[in-house]
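The chain contents come next:
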Amino acid sequence: MNITRIGTLSAAYLLHRRDFSNSSLLVECFTERQGRFPAIVKGVKGRGKSASGLLQPFIPLQVEWSGRGEIKSLTHYEADGRVLQLTGQALFCGFYVNELLMRLLQRNDPHEKLFYLYQQLLGRLAGSGVDEVALRYFELDMLNELGYGIDLSVESQQGDLIVAEKWYQFVQESGLIACSRDSLHATSGRALLSLNLRTLGEPGELREIRNFLRSVLGFYIGDKPLKSRELFRSAYRDPYT
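Quantities reported herein were computed from a predicted structural model and do not represent experimental measurements.

Draft legend 1. Focus on the overall build of the protein. Scanning the protein from N- to C-terminus turns up seven helices and eight strands. Here the protein has a C-alpha radius of gyration of 20 Å; the compact-globule value for 241 residues is 18 Å, and the two agree. Principal-axis analysis of the C-alpha atoms places the extent of the protein at approximately 60 × 40 × 30 Å. Relative to its 241 residues, the protein shows a buried fraction of 49%. On the protein, roughly 12,000 Å² of surface is accessible, and the fraction owed to carbon and sulfur atoms is 47%. One finds the centroid of the 29 positive side-chain charges in the protein at a distance of 9 Å from the centroid of its 27 negative side-chain charges.

Next up, the structure:
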């Protein structure tokens with residue numbers, strides 16, 4: 001859906017930015033009202049550091065844009081509340097989430113709930129650093145909001161309830177199927193039930209669910225490696241992504 005003119009401001013974050021010509025930027029916006037779309041910000045690099053500095057990932061913005069084509073023109077932007085400061089591992093987690101959204105979100109497809117979930121996660125990362133439980137729940141919620149949800153309560157082939165003592169693996173377009181413990185991407189029923197009930201916390205379960213969701217996300221983001229994950233691994237021995 002093309003929008004010719006947005007008459008009011010919309011809450012937004014930038015998922016990515018890069019130079020475009022000598023004085024402009026090409027930014028990827030994630031907005032409350034319009035979802036994800038690319039936009040050009042003309043002449044911003046000639047207006048001083050404050051103008052360009054505001055156009056960074058993780059900074060809450062109010063934006064206005066115009067244009068009929070796929071790439072819009074960002075006509076106005078301003079800070080929307082407190083600027084978030086992500087540092088260390090939390091910063092890497094933020095880049096990871098942004099890259100997931102870039103790979104999974106269709107352009108011009110609004111997801112208001114996902115926008116607020118993203119906003120809440122950034123607040124957690126900025127306020128208390130890395131929260132792996134919150135990161136795993138965000139991944140699960142993101143899959144649900146984008147139509148890739150998994151029924152974590154039943155085994156898909158026989159319809160049996162998930163049992164804590166058994167093992168399961170995810171099969172694309174089928175769901176969870178029972179498997180042996182040594183199967184590829186095998187996950188314990190106990191960990192899956194904890195994810196479903198949102199009672200994650202035990203380190204072993206978190207490791208299992210990290211690997212489980214990584215395998216699920218892999219079906220949808222494809223074989224191309226995530227740059228943020230590679231950077232995280234090069235900087236930290238035990239990354240959260």
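Let's pick the thread back up.
Draft legend 2. Molecular detail of the pattern of salt bridges. One pass over the structure, following the stated rule, counts eleven salt bridges. Note that E145 and K113 form a salt bridge whose closest N and O atoms lie 3.8 Å from each other. In this pair, E145 sits in helix α4 (residues 132-145) while K113 sits in helix α3 (residues 112-128), placing the two residues 32 residues apart along the sequence. Across the salt bridge formed by D141 and R198, the nearest N and O atoms sit 2.3 Å from each other. Of this pair, D141 sits in helix α4 while R198 sits in the loop between α5 (189-197) and α6 (203-221); the two residues are 57 residues apart in sequence, bridging distant segments of the chain. Judged by its relative accessible area of 38%, R198 is partly exposed. Residues participating in the shared-partner salt-bridge network are E28, R36, E70 and R107.

Draft legend 3. Quick look at the sheet that holds strand β8 (residues 187-188). Within the open sheet, the three strands sit side by side as β7-β6-β8. Their pairing is antiparallel. Edge positions in the sheet fall to β7 (175-179) and β8, since each has one partner strand and no second. Relative to β7, strand β6 (residues 167-171) runs antiparallel, the two sharing five bridges. What sits directly across from Y168, in β7, is A178. Of the strands in this sheet, β6, β7 and β8 are in contact with α6, which crosses β6 at around 20 degrees.

Draft legend 4. Highlighting the nonpolar core. L101, Y118, M142 and F212 are the most contacted members of the largest nonpolar core, which has 50 residues in total. Elements with a contribution of two residues or more to this core: β1 (10-20), α2 (88-104), α3, α4, β6, α5 and α6. With eight residues, α4 is the largest single contributor of residues to this core. Among all residues touching F212, those that are not within four sequence positions of it are I150, L152, F170, L176, T187, L192 and L195. V27, F37, V44 and L74 belong to the second largest nonpolar core, which has 17 residues in total.

What counts as what
- Within every chain, residues take consecutive numbers counted from 1 along the sequence as written.
- For this predicted model, a pLDDT threshold of at least 70 governs which residues receive local features, and a threshold of 80 or more governs which side-chain atom pairs are given and counted, while totals over whole chains, interfaces and linings are taken from all residues.
- Computation of side-chain values covers all heavy atoms of the structure but excludes hydrogens and water.
- Note on conventions: DSSP H or I runs of at least 4 residues are helices, E runs of at least 2 residues are strands, and numbering of each starts at the N terminus.
- The reference for a compact globule is 2.2 Å times residues^0.38; the radius of gyration itself is calculated from the C-alpha atoms.
- Working definition: with a 1.4 Å probe on protein chains only, accessible area under 20% of the residue-type maximum means buried, over 50% means exposed, and in between means partly exposed.
- Areas reported here follow the Shrake-Rupley algorithm with a probe of radius 1.4 Å; residue values treat only the protein chains shown as occluding.
- Charge counting treats Lys and Arg as positive and Asp and Glu as negative, with His and both chain ends excluded.
- Where a charge lies is defined by one atom per residue type: Lys uses NZ, Arg uses CZ, Asp uses CG and Glu uses CD.
- Just to be clear on terms, a salt bridge is a Lys or Arg side-chain nitrogen sitting within 4 Å of an Asp or Glu carboxyl oxygen.
- DSSP-based pairing: two strands are paired if at least 2 bridges between them are found.
- Residue contacts are counted whenever heavy atoms from the two residues lie within 4.5 Å of one another.
- Axes here mean lines fitted to C-alpha atoms, for a helix over just the part in contact, with angles spanning 0 to 180 degrees between N-to-C directions.
- Residues enter a nonpolar core if they are buried and are Ala, Val, Leu, Ile, Met, Phe, Trp, Tyr or Cys, with the set joined through side-chain atoms within 4.5 Å.

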